[in-house]
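The chain contents come next:
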Amino acid sequence: MSTPAISLKDVDISYGNTKVVHDVTFDVATGESFALVGESGSGKSTVLKAIAGLAPAWIGEISVLGKPRGHGTDRDFSESCQMVFQDPYASLHPRKTIDAVLSEPLAVHGIGKRSARVLEMLAAVGLDQRFRFRFPHQLSGGQRQRVAIARALMLEPKVMLLDEPTSALDVSVQAEILNLLKRLRREQGLTYLMVTHNLPVVSFMCDRMAVMNKGRIVEIAPKTALYDGSFSNPYTRDLYAASGSNPDSNPARVAASNMKDSQ
Ligand code: ADP
């Protein structure tokens, strides 16, 4: 079997003296889109943060593209794996232009031809060049998330950690961003590990999912289980039943019926 893009084995994660993630083990294959689902507080973001080096108190084994992770970030890691956060308002520096935001990773990594790359990435995320010298507050939420995605892709990583990347946005905008992420994954051969509490988003975006409850993975299932509810764990079945009760708030359904990736 080929090396997984992401591999976690027996991972426990703590904040201070409180262990919030217990015994987490899963692999994400290269090119796969894998979801972590579960209710708020179940430990999904914490798992992503540990992989990204933002939750340093963990034990167990974590590797990305075959390389064991340390307890922080390093140059190699940021070139191979990047994270996109939930809130595009908080994640962009208010006094930096979009050009500065996008150029920064290239400058830090000593990469030239920055202008060309900035223009290329603006186009890749569906933003007109006129956005280049604007500030974040001049952009809508969806446009800001496009910038955050472009910034994550500046160093051409192979793996993306997506922490609820659309849940802070209006439903119609969520659909656009989901379509964008789907297209970018296809075009750039990316591997996604995506946190969401929204099962329809999983069905639209992902191949498999790990279901978390109270800091533990209770089930790993293919997305096809979402079509027929064939989950083995009672907690997952409840989550599935609850998600079906509110189809109108379903951005993935909007996304699927609006495949055109418009602005
Ligand atoms: P989810 O992403 O599933 O909503 P989180 O990973 O954010 O869950 O949180 C898991 C648990 O860790 C929760 O009990 C939460 O209160 C706690 N937690 C999250 N971040 C911190 C932090 N920075 N310090 C202390 N506890 C935290």
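Scroll up for the structure.
Predicted model only: the values in this text are computed from it and were never measured.

Criteria and cut-off values
Residues numbered from 1 in each chain as written. Predicted model: local features only at pLDDT ≥ 70, side-chain atom pairs only at ≥ 80, totals over all residues. Heavy atoms only, no water. Near = heavy atom within 4 Å. Polar contact = N/O pair within 3.5 Å; in protein donor to acceptor, adjacent residues only side chain to side chain. Areas by Shrake-Rupley, 256 points an atom, 1.4 Å probe, with all protein chains shown as cover. Helix = DSSP H or I, 4+ residues; strand = E, 2+ residues; numbered from the N terminus. Nonpolar A, V, L, I, M, F, W, Y, C, P; charged D, E, K, R; others polar. Pairing = 2+ DSSP bridges. Contact = heavy atoms within 4.5 Å. Axes fitted to C-alpha atoms, helices over the stretch in contact; angles between N-to-C directions. Buried < 20%, exposed > 50% of the residue type's maximum accessible area, 1.4 Å probe, protein only. Expected span 1.5 Å × (residues − 1). Disulfide = S-S within 2.5 Å. Right-handed = clockwise from strand over helix to strand, strands pointing away.

(A) Representation of the site of the ligand within the structure. The full set of residues close to the ligand is Tyr-15, Val-20, Glu-39, Ser-40, Gly-41, Ser-42, Gly-43, Lys-44, Ser-45 and Thr-46. In this structure, Tyr-15 approaches the ligand through a side-chain N or O atom, which is 3.5 Å from a nitrogen atom. A distance of 2.7 Å is found between an oxygen atom of the ligand and a backbone nitrogen or oxygen belonging to Gly-41. In the complex, the protein chains occlude 56% of the 560 Å² of accessible area that the ligand would expose alone. Ranked by residue count, the leading element in the shell around the ligand is helix α1 (residues 44-52), at three residues. Partitioned by chemical class, the residues of the shell around the ligand number two nonpolar, six polar and two charged.

(B) Geometry of the sheet that holds strand β2 (residues 18-28). With respect to topology, four strands assemble into an open sheet ordered β2-β1-β4-β5, the strand pairing being antiparallel. What marks the edges here is a single partner per strand, and that holds for β2 and β5 (67-68). When strand β1 (residues 6-15) meets β2, the two strands line up antiparallel, connected through seven bridges. Paired with Leu-8 across the two strands is Phe-26, which belongs to β2. On top of the sheet, α1 reaches β1, β2 and β4 (58-64); it is set at about 110° to β1, its chief contact.

(C) Representation of the side chain of Gln-82 in the model. Secondary-structure assignment places Gln-82 in strand β6 (residues 81-84). A distance of 2.9 Å separates a polar atom in the side chain of Gln-82 from the backbone oxygen of Ser-78.

(D) Examining unusual backbone geometry more closely. For Lys-113, which is not glycine, the phi dihedral falls at a positive 50°. Despite not being glycine, Glu-156 shows a phi value in the positive range, around 55°. Assessed through its relative accessible area of 54%, Glu-156 is described here as exposed.

(E) Focus on helix α5 (residues 141-153). Along its 13 residues, α5 runs 19 Å from first to last C-alpha, staying within 8% of the 18 Å computed at 1.5 Å per residue. Packing partners of the buried residues in α5 comprise β6, α3 (98-108), α4 (114-124), β7 (159-163) and α6 (171-188).

(F) Molecular detail of the state of the cysteines. Counted according to the given criterion, the structure contains zero disulfides. Here Cys-81 is not cross-linked by a disulfide; its sulfur's nearest cysteine counterpart is in Cys-206, at 15 Å. Using a relative accessible area of 2% as the deciding quantity, one classes Cys-81 as buried. Of the residues examined, Cys-206 reaches a relative accessible area of 1% and is grouped as buried.

(G) Quick look at the sheet that holds strand β9 (residues 208-213). Pairing is mixed across the open sheet formed by six strands, whose spatial order is β6-β7-β8-β3-β9-β10. Each edge of the open sheet is held by one strand with a lone partner, namely β6 and β10 (216-222). If you compare each strand with its neighbour and ignore which way they point, the axes differ by 15° on average. In this fold α1 packs onto β3 (33-37), β6, β7, β8 (191-195) and β9, with an angle of close to 145° to the strand it touches most, β7. α6 rests against β3, β7 and β8 of the sheet, and its axis sits at about 155° to β8.

(H) Structural detail: the pairing of β7. Where burial is concerned, most of β7 is hidden: five out of the five residues are buried. Neither face of β7 is exposed, since Val-159, Leu-161 and Asp-163 on one face and Met-160 and Leu-162 on the opposite face are all buried. Sheet analysis places β6 next to β7, joined by four bridges and oriented parallel. Within the sheet, the bridge partner assigned to Val-84 lies in β7 and is Leu-162. Sheet analysis places β7 next to β8, joined by five bridges and oriented parallel. Bridged to Val-159 within β8 is Thr-191. You can see the chain leave β7, run along α6 and come back into β8, and the turn it takes is right-handed.

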